[in-house]
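# Topology and contacts: notes
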Amino acid sequence: MFFAIDDLENALDTKPDEDFVAIIPANKANHYDIINYYIPKIPLLFMDFHFSKIESFQGFIYGFINIPEILVAERSIICFIYTEEYVIFIDRDEFVAHFFEKMLEVHLDHITSSGTALYYLLDFIMSKDLEKINSLQQNLIQLELNVLNEKKMDQIREITSYRSRTLKLHHYYVQIEGICGDLIDDTQNLLDKETKQLFNILIRKITLYGHESEQIWEYTSQIRDIYQQQLDVHQNIIMKFLTIVTTLFMPLTLIAGWYGMNFEHMPELDWKYGYPLIFVLSCLLVIVMCIVFKRKKWF
């Protein structure tokens, strides 16, 4: 699918001579001569990277953007080849095609070159990122409250999952910021002045998102520490309970051991009130110790 810059409303099946945007499905890319032209120059053109990168070649720029699943339903990839006259997107799962058509509904009149087409597409894809980051913050706040209220004590997997995903999110913004910086520093002058100014604006947005994502990742560390503290408190309560039970029965153990020696001259063994006396004495000891522990607020 090709879009001429001067007629973006009508998609074309054939490549215009110049100034166009191409969105080519990855599974059919080998059928296009324009893609076959770049395959020898970019050996890793169809490689599935787990990060974002940009490389500058003679006369064109190759970029690969890996969007983490925390921002989209599932991990998505934007692969593009940018030249002064056109930009080609190698689309996987129709992700780029969907967002490009939505973007045209908003920015149709603003796209004047392949550079502005690339900018407005990236900007449109990231337009909801701040809302998603705020939603993520709310989820973490609720998770922290659950930990503090001890609603669940098995949330370490959920916390670890959030830490892993927010770290990927932060790395994503750092890498995107680097890509935009490289586009602005374009040594081949493939981007015009207007496009570089637009990417300067995008960098400021991405820097904000990067700071927010870093704070979220640090917040997950705090939640993990709180969770560990709650576990320690919970374990201390259990140990305190076991210690109190052991202390309560320690005198009874002493009495049982004492009278279990079965020496011949132990008058209580032959006294008919010996057993009731020991029973009452044991109960009194337990009651007195419970009263003492209660006053000391040990339980």
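Structural data are supplied above this passage.
Every residue gets a number counted from 1 within its own chain, in the order that chain's sequence is written. In keeping with the model being predicted, local features are shown solely for residues with a pLDDT of at least 70 and side-chain atom pairs are shown and tallied solely at 80 or more, while totals for entire chains, interfaces and linings include all residues. Working from all heavy atoms in the structure, the side-chain values ignore hydrogens and water.

## Notes on the nonpolar core
The term nonpolar core refers to a set of buried residues drawn from Ala, Val, Leu, Ile, Met, Phe, Trp, Tyr and Cys, joined through side-chain atoms within 4.5 Å. Here the term buried applies to any residue with accessible area under 20% of the maximum for its type, exposed to any over 50%, and partly exposed to those in between, with areas from a 1.4 Å probe on protein chains only. Among the nonpolar cores identified, the biggest contains 63 residues, and Ile78, Phe89 and Phe199 are the most heavily contacted of them. Considering every element that reaches this core, the biggest residue donor is helix α6 (residues 193–259), with 12 residues. Residue contacts for phenylalanine 199: discarding those within four places in its chain leaves Gly115, Leu118, Tyr119, Leu122, Cys180, Leu183, Ile184 and Leu191. What counts as a helix is a DSSP run of H or I of at least four residues, what counts as a strand is a run of E of at least two, and both are numbered from the N terminus. Should any heavy atoms of two residues lie within 4.5 Å, those residues are counted as being in contact.

## Focus on the side chain of threonine 116
Position of threonine 116 among the secondary structure elements: in helix α3 (residues 114–125). Those residues within four positions of threonine 116 in sequence are excluded, and the remaining contacts are His110, Ile111, Glu194, Thr195 and Leu198.

## Section: the state of the cysteines
The definition used for a disulfide is geometric: two cysteine sulfur atoms within 2.5 Å. In this structure the tally under the stated criterion is zero disulfides. Free cysteine: cysteine 79, not disulfide-bonded; nearest cysteine sulfur from cysteine 180 at 16 Å. Just so you know, cysteine 290 is unpaired, no disulfide at all, and the nearest cysteine sulfur is the one on cysteine 283, 11 Å from it.

## A closer look at the layout of surface pockets
Roughly 190 Å³ of internal volume is contained in the largest pocket. Contributing to the lining of the largest pocket are His50, Phe51, Asn66, Pro68, Glu69, Arg75, Lys168, His171, Tyr172 and Gln175. Considering each element in turn, the lining of the largest pocket owes the most residues, four residues, to helix α5 (residues 156–184). Residues of the lining of the largest pocket, tallied by class, amount to three nonpolar, four polar and three charged. In this model, the second largest pocket occupies a volume close to 160 Å³. In terms of lining residues, the second largest pocket is bounded by Met1, Ile23, Pro25, Tyr32, Asp91, Arg92, Asp93, Glu94, Ala97 and Glu101. If you list the elements that add at least two residues to the lining of the second largest pocket, you get β3 (20–25) and α2 (95–107). Ten residues, namely Ala, Val, Leu, Ile, Met, Phe, Trp, Tyr, Cys and Pro, are considered nonpolar, four, namely Asp, Glu, Lys and Arg, are considered charged, and the remaining ones, Gly among them, are considered polar. Of the residues in the lining of the second largest pocket, the class split is five nonpolar, no polar and five charged. Using a 1 Å grid laid over the protein atoms alone, points where a 1.4 Å probe fits but cannot get out form a cavity; open sets with protein on both sides within 12 Å along at least 5 of 7 lines form a pocket; any residue with an atom within 4 Å of a point counts as lining. Grid points are joined across faces, edges and corners, and a volume is the space filled by probe spheres set on the points.

## Considerations on the sheet that holds strand β6 (residues 76–82)
One open sheet holds the seven strands; their spatial order is β2-β1-β3-β7-β6-β5-β4, and the pairing between them is mixed. Two strands in the sheet have a free side with no partner beyond their single neighbour: β2 (7–12) and β4 (53–57). Sheet twist, expressed as the average angle between the axes of neighbouring strands with direction ignored, equals 15 degrees. Of the strand pairs in this sheet, β4 and strand β5 (residues 60–67) are connected by five bridges, and their pairing is antiparallel. Looking at the pairing, glutamate 55 lines up with tyrosine 62 of β5. Every angle, taken between N-to-C directions, lies between 0 and 180 degrees, and every axis is a line fitted to C-alpha atoms, over only the stretch in contact when it is a helix. Sitting on the sheet, α2 is in contact with β1 (2–4), β2, β3, β5, β6 and β7 (86–91), with an inclination near 75 degrees to β6. Taken strand by strand, α5 contacts β4 and β5, and its axis lies near 165 degrees from that of β5. Two strands qualify as a pair provided that DSSP identifies no fewer than 2 bridges between them.

## Topic: the packing of α3 against α6
Running from N to C, α3 and α6 cross one another at 15 degrees; their axes reach a closest spacing of 9 Å. Looking at the two axes, α3 sits roughly parallel to α6. Where α3 crosses over α6, the handedness of that crossing is left-handed. Taking contact as the criterion, the partners of Gly115, Thr116, Leu118, Tyr119, Tyr120, Leu122 and Asp123 in α3 are, on α6, Glu194, Thr195, Leu198, Phe199, Ile201, Leu202 and Lys205. Tallied by class, the residues present in the contact of α3 with α6 amount to eight nonpolar, three polar and three charged. Here the word oblique covers every angle except those under 35 degrees (roughly parallel), over 145 (roughly antiparallel) and from 65 to 115 (roughly perpendicular). Working rule for handedness: look at the near helix, and if it is turned counterclockwise from the far one by less than a right angle, call the crossing left-handed; if clockwise, right-handed.

## Observations concerning unusual backbone geometry
Positive phi values are uncommon outside glycine, yet aspartate 19 reaches one of about 50 degrees. By secondary structure assignment, the location of aspartate 19 is in the loop between β2 and β3. The residue asparagine 189 is not glycine, and still its phi comes out positive at about 55 degrees. The residue asparagine 189 is located in the loop between α5 and α6 in this model. Judged by relative accessible area, which is 52%, asparagine 189 ranks as exposed.

## Some points on the pairing of β7
Most of β7 is tucked away, with six of its six residues classed as buried. Side chains Tyr86, Ile88 and Ile90 project from β7 onto one buried face, and the interleaved Val87, Phe89 and Asp91 project onto a second face that is buried too. Alignment of β3 against β7, held across six bridges, turns out to be parallel. Residue pairing in the sheet places isoleucine 23 in a bridge with phenylalanine 89 of β7. One ladder, built from four bridges, connects β6 with β7; its direction is antiparallel. Of the residues in β7, the one forming a bridge with phenylalanine 80 is phenylalanine 89. Joining the antiparallel neighbours β6 and β7 is a turn of three residues.

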